[in-house]
Structure formats: structure tokens, C-alpha cells
Amino acid sequence: MGEWSNARATSEAAGIGAAGQVQVDDDLALVARVQAGEMAAFDVLTRKYRERIFSIIYNITSNREDAADLTQDAFVRAFTSLSRFKGQSSFFTWLYRIAVNTALSHLKKSRMRRFFSFETINEEMAPGEIVDTLSQKSAGDHSAQLAELQEKLNEALQKLSPKHRTVVVLFEIEGLGHQEIAEIMHTSEGTVRSRLHYAKQQLQADLQSYLS
Amino acid sequence: MKKRRESRHEVSGGVTLEQLLRVKRAERPGPEFWADFDRGLQQKLFKTVVDRRRSGVRNFFRIVLHSRSTYAMPILAAIMVAFGIALNRGSGDGPLPQAVTAPVDMVVSVEANTRASSPGAERFVVDLLNSGGESGNFRKVMSLGSINTPDAGSTRYVADQLGSVTGRGGVLSMGDSF
């Protein structure tokens, strides 16, 4: 869980904290090593970001197999374009942009034939308040209830347009800040806020039965 | 409809949309997924590096052959002749592996000499000739120099990959191959 809060902390507005700055510097050092021909440094970057990149792509595409392939493709694209990375944005913003573009162009290509396949929820990682609510309200099987909730949640997310879904994924699930999302999506902060507001309204309406 | 009403009663009471969306964070693959993922990524990177090398050579010849320059054909001919000579010399005056046995010392000494004492090209050549005394020295330095280019990692990567495939039964792992 801490991973996501760290991401929000490093990204929020221009106020990158000390920990975030160290992370950015580390990445730039690794990038410089890859640019100098040291492939092992790319291995380090891959391991550092693969979970987050997979999570973004998975939540945009809603297909775990496609997400695995597209995550690999995003890393290959990053590798082949790394010589052109000039450090004008942080490495992870640049990498996230590649990931988002890869996912969105995949969705565009496969608009007519879309299949969903989801990861099973790791119950230990599910938010405590949701699990508590499930325990209070029902003595039934938590896994089944979580699975049902997951299904409804994914259904609601699928009703959003890819761009609205991407903003929700980056803000609510990945914990990024508005400014950073704007940078990743090549748009203004205002557009990000408005997309987020609209998307949340839609989700509220769709998930009304689950909300207090 | 009845089922939907049951759900409403089961999950309600102080849950916000943000909390609900956080459930998505718990959808995470297990370690075995990452093992497959690494293997797949490794193969894709390997293929990319090999394809880049191939297309680099192909593009070079395409540019030379399709160039309208009057110098294109003579340049190509010169390259081929030089390549042929290099091959002949490689097989004639000493085994190539020997040239690879002491590469690091040699490059270090050449680099040290050029940096410290002689900025000029003349001094560099003199140092180079003095450092080994064998006829194959230039070839050694040239081949090592080419490894020190920014694309050197790719070369080493491919070499390591081939080594790991042939030497260790084709099992590729991220840490090993780089």
C-alpha cells in the first residue's frame, strides 16, 4: 500500500519531497548508465517499475494477458527510445506516458474485439474498511463478496471512455497527482480535474448500491 | 433484482467511492506471473537488439548501394577489400583469441597514456606502438574500441545471451544475461 502513497507523495504538484528527489536522481543515474551501454541498469529499472506499469495497463485494458504483453512492449519501447530521453521530465513520468500510450493505442486497435480477464483479488491486500464492512454486514464468504464487488467495479470502469478511465486509474488507483497525470496524458491540469470529476460522477451513479 | 438488493444491504455503511476503488489495488499477480513476465521480456529485448543490429547493417548497405554518389561503389569496394584483408590477416598472423586475452590492460594503458601525457595524435600512436610491439595491436585496439561505443551493451548483451543459451541449456534470466 505504501508504494501508492509514495507515488502520490513524489508526484504531488511541484513539491517533490526529499525521498521523491532521491528516487528521481536514482532513476536518472540508472538511465545514464543504460545510455552508456550498461544493460544491467535497464534490468534494475524494469524490476523497479514493472508492477506499477502492469497495474496501469491492466486497469486500463481490463485484460491480464493483454496487460502482460503490453507491459513488456512498453518496456521494449522504453528501451529502444531511451537514447532519446533527455531528462526533461522524470523517468517514471516518461515511462508512464509510454505505458498509457501503449494501452490506449491497443484499445483503439481492438475496439471491436474486447475480452476481459481479471486478476483475483488478494484478500490480504484489500482495503481494511471494505473487508470490515463485509464482515459487519454479512457472515458469508468474503472471497465471493469481494469477487462480486470486483465484478461490479470493473463493469462500472468499463463504461467509462478510455481517457476517463485512465485518469481514474492514475489518480485513484496509482495515486498520482493532477499535474503529473496532465504531463503523462499531454493535457492540462484543468482537463484532468474535469475528467476526474465527470468519471467519478459516473462511477457514483453506477455503484450507488454499494455506497453509503 | 432480488440479488441486487441483497448486495446493497451486504456492502453499505460508510464506504466511499475512493475506498471502493482501492479494491482494485488488491488485484495483483503472484510471483509465478513475474517469472513468466521476465522470461517474455527477456526474449523481446533480445529480439529487439538482434533486429536492430541486422537492420543497422542492412541500412548501411542499402544507403551505400542506393546512393547516387559517384563515390558509393568505390567506398563499398574499399570496405569489402579491407574486410577481406582483415580476414586474411586474422587467420594468418596469430590466433584471434590471444588478442582478447589481455584487452583491459591494453585499453587502460592506451587511455591512460592519451589522457595523461599526450593530447596529440602522434604521441598516442607512439604509445600504442610501444605498448605491445606485436603486429596485431591495431586490430586489438580497434576491436576493443568498437566495444566501447554507446551501443556496446547491446553487443555484450547478445553475446551473453548466446552464451547463456548455449552454455546453460537455454534458460534466460534477467540478472544473468545482462
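Residues numbered from 1 in each chain as written. Chains lettered and ligands numbered in written order. Predicted model: local features only at pLDDT ≥ 70, side-chain atom pairs only at ≥ 80, totals over all residues. Heavy atoms only, no water.

For chain A, the count of helices and strands is 10 helices and 0 strands. Reading chain A from its N end, one meets helices and strands in the order α-α-α-α-α-α-α-α-α-α. Relative to its 212 residues, chain A shows a buried fraction of 54%. The contacts in chain A between residues at least 6 apart in sequence include a share of 66% that link residues at least 24 apart. On chain A, roughly 9,500 Å² of surface is accessible, and the fraction owed to carbon and sulfur atoms is 50%. (Helix = DSSP H or I, 4+ residues; strand = E, 2+ residues; numbered from the N terminus. Buried < 20%, exposed > 50% of the residue type's maximum accessible area, 1.4 Å probe, protein only. Contact = heavy atoms within 4.5 Å. Areas by Shrake-Rupley, 256 points an atom, 1.4 Å probe, with all protein chains shown as cover.)

Once that is clear, we can look at the packing of helix α4 (residues 64-81) of chain A against helix α5 (residues 91-109) of chain A. Residue and element names in this part refer to chain A. Interaxial distance between α4 and α5 falls to 9 Å at its minimum, and their mutual angle equals 130°. By the criterion of interaxial angle, the relationship of α4 to α5 is oblique. Judged by the sense of rotation from one axis to the other, the crossing of α4 with α5 is right-handed. Of the residues in α5, those touching α4 at Asp66, Leu70, Asp73, Ala74, Phe75, Arg77, Ala78 and Ser81 are Trp94, Leu95, Ile98, Ala99, Thr102 and His106. Of the residues assigned to the contact of α4 with α5, the class counts are 8 nonpolar, 3 polar and 3 charged. (Axes fitted to C-alpha atoms, helices over the stretch in contact; angles between N-to-C directions. Parallel < 35°, antiparallel > 145°, perpendicular 65-115°, else oblique. Left-handed = near helix turned anticlockwise from the far one by under 90°. Nonpolar A, V, L, I, M, F, W, Y, C, P; charged D, E, K, R; others polar.)

Our focus in this paragraph is α5 of chain A. Over its 19 residues, α5 of chain A extends 27 Å from the first C-alpha to the last, a length consistent with the 27 Å expected when each residue adds 1.5 Å. In terms of burial, α5 of chain A is a largely internal element, 15 of the 19 residues being buried. (Expected span 1.5 Å × (residues − 1).)

What follows is about the pattern of salt bridges. Taken as a whole and assessed by the stated rule, the structure comprises 16 salt bridges over all chains. In this structure, Lys200 of chain A and Glu172 of chain A form a salt bridge, with 2.8 Å as the shortest nitrogen-oxygen distance. Of this pair, Lys200 of chain A sits in helix α10 (residues 189-206) while Glu172 of chain A sits in helix α8 (residues 162-173); the two residues are 28 residues apart in sequence, bridging distant segments of the chain. Judged by relative accessible area, Glu172 of chain A falls into the buried class, the value being 7%. Between Glu27 of chain B and Lys24 of chain B there is a salt bridge, with its nearest N and O atoms 3.2 Å apart. (Salt bridge = Lys/Arg side-chain N within 4 Å of Asp/Glu carboxyl O.)

Residue and element names in this part refer to chain A. Here α10 contains 18 residues, and its C-alpha end-to-end distance of 26 Å stays within 8% of the 26 Å for a straight helix at 1.5 Å per residue. Taken together, the buried positions of α10 are Val192, Arg195, Leu196, Ala199, Lys200 and Leu203. Angularly, the buried residues of α10 cover 130° about the axis, an arc narrow enough to put them on a single face. Across α10 from its buried face, at more than 90 degrees, point the exposed residues His197 and Ala205. (Arc of directions from axis to C-beta.)

On to the nonpolar core, then. Grouped together as the largest cluster of nonpolar side chains are 71 residues, with contacts concentrated most on Tyr49 and Phe91 of chain A. Residues contacting Tyr49 of chain A, with those up to four places away along its chain left out, are Gln23, Asp27, Phe75, Phe91, Phe92, Leu95 and Tyr96 of chain A. (Core = buried A, V, L, I, M, F, W, Y, C linked by side-chain atoms within 4.5 Å.)

Let us look at the confidence of the model for chain B. Residue and element names in this part refer to chain B. For chain B, the mean per-residue pLDDT works out to 59, and 31% of the residues sit at or above 70. Averaged over each element, pLDDT in chain B is lowest for helix α8 (residues 137-147) (38) and highest for helix α2 (residues 17-21) (85). Across residues 1-12 the pLDDT falls below 50, and counting only partners more than four positions away or on other chains, this stretch makes 18 contacts in the model. Ignoring residues within four places in sequence, the model shows residues 163-178, a span with pLDDT below 50, making 31 contacts including any to other chains. (pLDDT = per-residue confidence, 0-100.)

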